[in-house]
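Close look at the chain arrangement
If you want the building blocks of each chain, they are given just below.
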Amino acid sequence: MISTNVSIEHKINWPDLASRGIELYIKRDDLLHTFISGNKWRKLKYNYAAYREGTYKGIVTFGGAYSNHIIATACFCAENGIPCIGILRGEEPERANYILMLAELWGMQLKFVSRTQYRGKDELTEKYLKEGYYVIPEGGENKFGIKGCAEIIGELKNEYDHIFCASGTGCTISGILKGVEDRKLDVKCHGIAVLKQGDFLKEVPLRYGIPDDGLTIHTNFHEGGYAKTSKDLTMFIQRFTQKTGILLDPVYTGKLFNAIFKLVEDNYFESGERILAIHSGGLTGWLSEEMYNSYRKAGL
Ligand SMILES: *Cc1c(COP(=O)(O)O)cnc(C)c1O
């Protein structure tokens with residue numbers, strides 16, 4: 001079982017922050033596990049508990065060809081002796097894909113379905129449920145995922161004015177909101193949308209009956225869309241990593257910290273405020289030809 005003691009909270013030393021009287025802390029959920037990283041482990045935790053309560057043939061889940069959730073599920077299932085199937089969006093890639101290779105190494109059975117079929121996930125879910133599988137939705141977004149992510153808040157040692165995370169499905173930010181709500185904390189919660197048209201993220205907590213007071217979704221830091229990057233973002237990640245020794249991923253946490261630093265520059269925060277950012281992991285996001293090429297294109 002993974003211990004959350006490794007996910008420490010500590011302050012980032014950065015001159016621009018100190019001179020503005022702002023404190024930025026990071027919670028290192030990326031250290032939870034190399035491959036079942038960050039929020040993906042938190043989402044799997046109670047899905048696994050639900051899996052164990054029933055009698056299932058195995059776990060089925062969904063994702064894109066570079067999905068951190070796919071790789072996390074493959075590894076988690078191997079560690080726990082669960083047969084698993086990953087339903088992948090799109091045709092089988094012709095070029096090397098290190099993520100899918102790793103998922104296969106862990107024994108995940110990969111099934112590629114057309115984008116149209118993939119859009120009909122509900123039908124596929126029905127089919128596998130009928131066959132006796134436990135089905136976890138794309139990105140691990142369900143009520144069990146939220147329950148796991150809410151535990152982030154219970155682990156905090158300090159008090160904060162703002163808590164930030166990167167948002168894809170909105171499950172993690174919903175869990176954080178729930179944790180804050182359950183403990184009646186006075187803290188503003190922020191999700192940085194990593195994809196275009198992230199407005200839907202505002203609705204996610206409400207779908208699970210979690211009040212959204214104190215939630216802000218920032219939709220202008222996606223840098224071109226999901227898994228898209230920019231020279232500006234790549235340069236930021238390089239600077240952050242070199243100054244702090246903490247590696248950020250290009251799809252989620254790079255955008256998260258880039259956004260926080262931009263907000264600092266725009267005087268979004270007041271002097272004396274303390275901010276927490278969740279490093280949700282995902283470092284295998286670097287392992288694609290696209291990321292390699294965009295890194296080189298940035299001239300770094
Ligand atoms: C999947 C992922 C997210 C997105 O979390 P959601 O709960 O889907 O919003 C954030 N960060 C990393 C590193 C991820 O892998």
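Description of the structure in this document. (Residues numbered from 1 in each chain as written. Predicted model: local features only at pLDDT ≥ 70, side-chain atom pairs only at ≥ 80, totals over all residues. Heavy atoms only, no water.)

A few points about the sheet that holds strand E7 (residues 162–167)
Taken together, the 6 strands give an open sheet; going across it, the order is E1-E2-E10-E7-E8-E9, and neighbouring strands pair in mixed fashion. On the outer flanks of this sheet lie strand E1 (9–11) and strand E9 (215–218), each paired with one strand and no other. This sheet shows a mean twist of 25° between the axes of neighbouring strands, independent of strand direction. Sheet topology note: the strand E8 (residues 188–193)/E9 ladder contains 4 bridges and is parallel. (Pairing = 2+ DSSP bridges. Helix = DSSP H or I, 4+ residues; strand = E, 2+ residues; numbered from the N terminus. Axes fitted to C-alpha atoms, helices over the stretch in contact; angles between N-to-C directions.)

Comments concerning the side chain of Asn-47
Within the fold, Asn-47 resides in helix H2 (residues 38–53). Among all residues touching Asn-47, those that are not within four sequence positions of it are Tyr-134, Ile-136, Gly-140, Asn-142, Phe-144 and Gly-145. (Contact = heavy atoms within 4.5 Å.)

So, the sheet that holds strand E4 (residues 84–89)
Pairing is parallel across the open sheet formed by 4 strands, whose spatial order is E5-E4-E3-E6. Of all strands in the sheet, those bounded by a partner on one side alone are strand E5 (109–113) and strand E6 (134–136). Strand-to-strand twist of the sheet, defined as the mean angle between neighbouring strand axes without regard to direction, takes the value 20°. Sheet analysis places strand E3 (residues 59–63) next to E4, joined by 5 bridges and oriented parallel. Across the sheet, Gly-63 pairs through a bridge with Leu-88, a residue of E4. Packed onto the sheet, helix H3 (residues 68–79) meets E3, E4 and E6 and runs at close to 160° relative to E3.

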